[in-house]
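Secondary and tertiary structure notes
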Amino acid sequence: MDRAALAVRGIRRARGALMKPWYQLTAEQALERAQSSHDGLSAAEAARRRQQHGPNRLKEEARKSGWSILFSQFTDLMIIILLAAAAIAWGMGDLVDAAMILVIVALNASLGFGQEYRAERALAALRRLEQPDVVVRRGGAFAQIASYELVPGDVVAVNEGQRIPADGRLLEAVHLQVDESQLTGESIPVTKHARPLPERDVVLGDRINMVFMGSTATTGHGWAVVAETGMRTELGKIAHLLQVAEERKTPLQLKLARLGFWLAVIVVALTAAIFAAGVLRGEPPEAMLLTAISLAVAAIPEGLPAVTAIVLAVGAQAMIRRRALVRKLPAVETLGSVTAICADKTGTLTQNLMAVELIWCDGRLIDVTGDGYAPSGAFLEAGAEIVPKNDPALFDLLRAAVLCNNGRLQQDGGQWTVFGDPTEGALLVAGAKAGLWKDQLGQYPRIAEIPFDSHRKRMTTIHKGPDGRFWLFSKGTIEEMLHRSADILEGGAAQPLTRQRRERVMRVHHELAGDGVRVLACAMRPLKAVPSDGRLEEAERELLFLGLFGIMDPPRPEAKAAVATCRQAGIRPVMVTGDHRITAEAIAAHLGIHDRGDRMVTGEELESMSEEELERLAPRISVYARVTPEQKVNIVQALKRRGDVVAMTGDGVNDAPALRMADIGVAMGRKGTDVAREASDVVLLDDNFATIVSAVEAGRVIYDNIRKFTRYMLATNSGEVLTVFFAMLFGLPLPLLPVHILWINLVSDGLPALALGMEPPERHIMRRPPRHPAESMFAGGLGAHVAWVGLLMGLGTIAVFDWAHGRRDLSHAQTMAFLTLTLFQMFHVLAIRSERDPLWVIGLWSNSKLLGAVALVILLQAAITYVPWLQPVFHTAPLTPGELLLCVAVASTVYVAVEGEKWWRARGTLPSGADR
């Protein structure tokens, strides 16, 4: 072949290498692509590349300043209406009214500012994951540099305990294991090697010849050539997803915004219509302007934003008692409208630890009980307890697992902790449950060790026994142990490992693996002498096969009941995990998340799906396995496009973008990262799926109560508006003065409404489906209720005013109208405590705070009516017992009418808000 042909072949080979992903390249090809060598870059070349690529750090894109966050608190339409009301009051010379409204606005703005300002710190938490110093090869010499100085092509050291500073292709790996749980969600450290991977489209968690920024080397060491730095790393992609994730409004914020809009429309229309009608009728424009302004003030529920904020804050405090910390107040209500919970497996549905659940030895399957890493539990065969020290086969298997082990189990402050590989820790805990402690097996000192690596797929140690003999203990994959074993322990003695016996062992293995259990085998043999270092592997033959360990991250004991509660409440639980398909499916099936008719999709399958296809299939997919951070965001978006209100749980850096994108981001408080917590709306203090379900119930209660006090306040305001409107229509003087209107809106509205927000839950609250996300605040008959109750209040009040105006002076008539409307409110608030049950069923004393608020309002109303020095302030006059009785009788009609409405609804002729 001539030189030209060789050159062409070389060019094609180089282009082919450039087209391949990093993990498919050999170490030499990776160095060639990076235009580097084993000696690393020269100082000059590194400086040039730093100019080209920039520093190796996560950049923050434009973020909100404190001033912009503060300004945004005053752009809500309801707040604008309140500010307009304050300006109107100021223009009328009523400085007290203006000041009270401004105090409400300031309270609401301060609560919102505090919540949003804390939410802007997620990227700062991401930057804390960067490694300060790293060791690189520069021009063949070692150099220690700051991690932000790394550039693509640098050859960087990877050592035990080190945070990986950039994405890189491994050149060397010696017993290297890396914890990538923050990026992939997989709880077990990944064993790395430097060989190329032949497969295409390998998901992030399976790229075992690469390392990624933000992960941690747990054991071993190696060298890697830097492939990507800064925002081009996998961690940088997550940071970008966080930056571009849209700021979503909660259903409550959207509903209040729509409510504010329609209130503004109604206020402007009524004000203009009444002003124009009065002027056309020949009334003085000045008097009509005063009337129109009074009507506008009457129509605005000044206390609604403040009461909502306070009730949400109180709800957030109550959720802390349920082990859920709310970071953003509107999320308290949004939890109640959740229709789908996308839950991470590790740590949320499971206990985030490895534990020996099953043991197979001597032809028997043995269950191992216990909780967490605590060395207490039992060994059960068919329900009967076994004492391992009295069972030679089980004892030998556990002893081998404890001796062939580099992990450590120790107690710190009452908490049992495993140091080292979690799988080895699980074996230590199983041994400790049998009374076999590693420290107490000193009569078996270790003489030699052949460490585990991904190529050998086994670990072997050699010990000197108390009788002076040498013993080899080995653990690894079942295939390796069977391949190197000649006998099997059966019937209390060594039996030849025939083909039938091998097949029986493999059947057990397949059954356990099909249930998502990780299977590890152990074997041993006696030695006459310790082989030399170069011949240690030759001793790993003719072993005695001891048995199998079934290891898994066990489900939380309360998770299954919580999943059942979700389904009963019409909420669909979905598992979204970075873990393997078989494990995810097994856990989901055990917990009731995955049914026979459901689908399970892997990240590889998601890659080939279009947005439309994913959106179409999403209702039938219950498990997503081996997914990337971008795919988690896509899953959330697909569900939201279908109209779901999505809660997303997570604990790692990889979960943060999806947490930000979801309607409710739920982070783990105990084992979650700072990044996940800062990107979330709610933090679980116990990392428990059952706590989410409990929080959803609390959210439903809070939303019910928000509807109740909104119903209460709007009905009162419509009663005020119609009272003023009827006075204009019938040619009567103003029945209510501005000070009366403000008193009603802030005191007789505010105090009972606040107590109504503490109402206990309605019956069967978790047996009804979630409300539709687009459902109006006026759904379930609330709008009609507000209209007819407001009409009843307006007609009743104006009737009392007209009767009094014909017999007494204007001050007495206005006092009677003022008192009647206030009493209408008190009877109304008692009647609407439940949307379906009458007051005598729920119990008069079941909300003592509301009874106290009603009593306080009545006492205050009596004071401003009868205390002489308060009468000039509120323009009131004392009433006779007969006048007082008339006000009570007229106002009580609303209680009878509302209880009648419930009775009519119970017959099925009206929509029920409680059953929607």
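Residues numbered from 1 in each chain as written. Predicted model: local features only at pLDDT ≥ 70, side-chain atom pairs only at ≥ 80, totals over all residues. Heavy atoms only, no water.

Here we take up the overall build of the chain. Scanning the chain from terminus to terminus reveals 35 helices and 28 strands. Taken over 916 residues, the chain has a buried fraction of 56%. For the chain, contacts bridging at least 24 residues in sequence account for 72% of all contacts bridging at least 6. For the chain, the accessible area works out to roughly 37600 Å², and carbon and sulfur atoms hold 59% of it. (Helix = DSSP H or I, 4+ residues; strand = E, 2+ residues; numbered from the N terminus. Buried < 20%, exposed > 50% of the residue type's maximum accessible area, 1.4 Å probe, protein only. Contact = heavy atoms within 4.5 Å. Areas by Shrake-Rupley, 256 points an atom, 1.4 Å probe, with all protein chains shown as cover.)

Moving on, we come to a nonpolar patch on the surface. A contiguous nonpolar surface patch, about 390 Å² in accessible area, is contributed by F261, W262, V265 and I266. Along the polypeptide, I266 turns up in helix α10 (residues 251–280). The exposure class assigned to I266 is partly exposed, which follows from its relative accessible area of 43%. (Patch = residues over 30% accessible without salt bridge, like charges linked within 9 Å, V, L, I, M, F, W, Y side chains within 5 Å. Salt bridge = Lys/Arg side-chain N within 4 Å of Asp/Glu carboxyl O.)

Take the packing of aromatic side chains next. Within this structure, the stated rule accounts for four aromatic pairs. Relative to W223, the ring of F142 has its centre 5.6 Å away and its plane inclined at 15°; by these criteria the two rings are stacked. You can see F142 sitting in strand β2 (residues 141–146) and its partner W223 sitting in strand β7 (residues 216–228), a full 81 residues away along the chain. Judged by its relative accessible area of 13%, W223 is buried. The interplanar angle of 15° and the centroid separation of 6.0 Å between the aromatic rings of F726 and F730 together place this pair among those described as stacked. The buried category is assigned to F726, whose relative accessible area is 9%. Over the ring of W22 we find R33, and its NZ or CZ is 5.0 Å from the ring centre. (Phe/Tyr/Trp six-rings, centres within 6.5 Å; stacked < 30°, edge-to-face > 60°. Lys NZ or Arg CZ within 6 Å of the ring centre and 35° of its normal.)

Turning next to the packing of helix α29 (residues 782–805) against helix α35 (residues 893–906). Packing of α29 against α35 brings their axes to within 10 Å, and their N-to-C directions diverge by 155°. Considered as vectors, α29 and α35 are oriented roughly antiparallel to each other. In this structure, the crossing between α29 and α35 has a hand that is right-handed. In contact with H785, W788, V789 and L792 of α29, α35 contributes T893, V894, A897, V898 and E901. For the contact of α29 with α35, the residue count by class is six nonpolar, two polar and one charged. (Axes fitted to C-alpha atoms, helices over the stretch in contact; angles between N-to-C directions. Parallel < 35°, antiparallel > 145°, perpendicular 65-115°, else oblique. Left-handed = near helix turned anticlockwise from the far one by under 90°. Nonpolar A, V, L, I, M, F, W, Y, C, P; charged D, E, K, R; others polar.)

Attention now moves to the packing of α29 against helix α30 (residues 810–831). Where α29 meets α30, the axes come as close as 8 Å, and the angle between the chain directions of the two elements is 150°. Classified by the angle their axes make, α29 and α30 are roughly antiparallel. At the point where α29 passes α30, the crossing takes the right-handed sense. Each of H785, V789, L792, M793, G796, T797, V800, F801, W803, A804 and H805 in α29 lies in contact with α30, whose residues at this interface are L810, A813, Q814, M816, A817, T820, L821, F824, Q825 and H828. Residue composition of the contact of α29 with α30, by class: 13 nonpolar, eight polar and no charged.

Bringing the environment of L398 into the picture now. Tracing the backbone through its elements, the reader meets L398 in helix α15 (residues 392–403). Sequence-distant contacts of L398, defined by excluding residues within four places in its chain, comprise I359, F379, P388, A430, G431, A434, L436 and F549.

This paragraph deals with the side chain of Q351. Counting through the fold element by element, Q351 comes out in the loop between α14 (345–349) and β10 (355–361). Looking at Q351, its side chain comes within polar contact range of the main-chain oxygen of P555, at 3.3 Å. (Polar contact = N/O pair within 3.5 Å; in protein donor to acceptor, adjacent residues only side chain to side chain.)

Across its 13 residues, helix α23 (residues 629–641) extends 19 Å between first and last C-alpha, which sits within 8% of the 18 Å expected from 1.5 Å per residue. Burial in α23 covers these residues: P629, Q631, K632, V633, I635, V636, A638, L639 and K640. Two residues or fewer after α23 comes G643, characterised by a positive phi angle close to 100°. (Expected span 1.5 Å × (residues − 1).)

The next point concerns the sheet that holds strand β23 (residues 572–576). Spatially, eight strands are ordered β8-β28-β27-β26-β9-β23-β25-β24 in an open sheet, and the strand pairing comes out mixed. Each edge of the open sheet is held by one strand with a lone partner, namely β8 (324–326) and β24 (599–602). Direction aside, neighbouring strands of the sheet carry axes that sit 20° apart on average. Two strands pair when backbone bridges link them, and strand β9 (residues 340–343) and strand β26 (residues 646–650) are joined in this way by three bridges, in the parallel orientation. Bridging across to β26, A340 finds its partner in V646. (Pairing = 2+ DSSP bridges.)

It is worth spelling out the pattern of salt bridges at this point. Taken as a whole and assessed by the stated rule, the structure comprises 35 salt bridges. In this structure, E542 engages R541 in a salt bridge whose closest nitrogen and oxygen atoms are separated by 3.8 Å. When its relative accessible area of 44% is taken as the criterion, R541 is described as partly exposed. Look at the salt bridges and you will find they share partners, linking R456, R458, E480, R484, E537 and E540 into a network.

Summarising the model, the chain shows a mean pLDDT of 82, and 84% of its residues fall at 70 or more. Ignoring residues within four places in sequence, the model shows residues 1–17, a span with pLDDT below 50, making five contacts including any to other chains. Counted against residues more than four places away or in other chains, residues 126–131, with its pLDDT under 50, gives 22 contacts. (pLDDT = per-residue confidence, 0-100.)

This part takes up the environment of G363. In this fold, G363 is placed in the loop between β10 and β11 (364–368). Given a relative accessible area of 48%, G363 falls into the partly exposed group. Taking the C-alpha atoms as reference points, G363 and R504, separated by 141 residues in sequence, lie 9.0 Å from one another.

A cluster of basic residues, R599, R616, R620 and R642, forms a positive patch at the surface. Tracing the chain through its elements places R620 in the loop between α22 (611–617) and β25 (621–625). On the basis of relative accessibility, which here comes to 42%, the residue R620 falls in the partly exposed class. (Lys, Arg positive; Asp, Glu negative; His and termini not counted. Charge placed at Lys NZ, Arg CZ, Asp CG, Glu CD.)

Moving on, we come to the state of the cysteines. For the coordinates displayed, the defined rule picks out zero disulfides. No disulfide involves C404; its nearest neighbouring cysteine sulfur is the one of C522, lying 6.7 Å away. (Disulfide = S-S within 2.5 Å.)

Before going further, it helps to examine helix α34 (residues 881–891). For α34, every residue scored as buried is listed here: E883, C887 and A891. Along the long axis of α34, the arc covered by the buried residues comes to 65°, so they all point the same way. In this structure, α34 carries P881 and L885 as exposed residues pointing more than 90 degrees from its buried face. Lining the buried residues of α34 we find α29, α30 and α35. (Arc of directions from axis to C-beta.)

Positionally, N406 belongs in the loop between α15 and β14 (408–412). Each C-alpha atom, one on N406 and one on K438, is 9.8 Å from the other, the two residues being 32 residues apart in sequence. Residues within four places of N406 in sequence aside, it is in contact with E424, K438, R446, E449 and M459. Of note is the side chain of N406, whose polar atom sits 2.7 Å from the side chain of R446.

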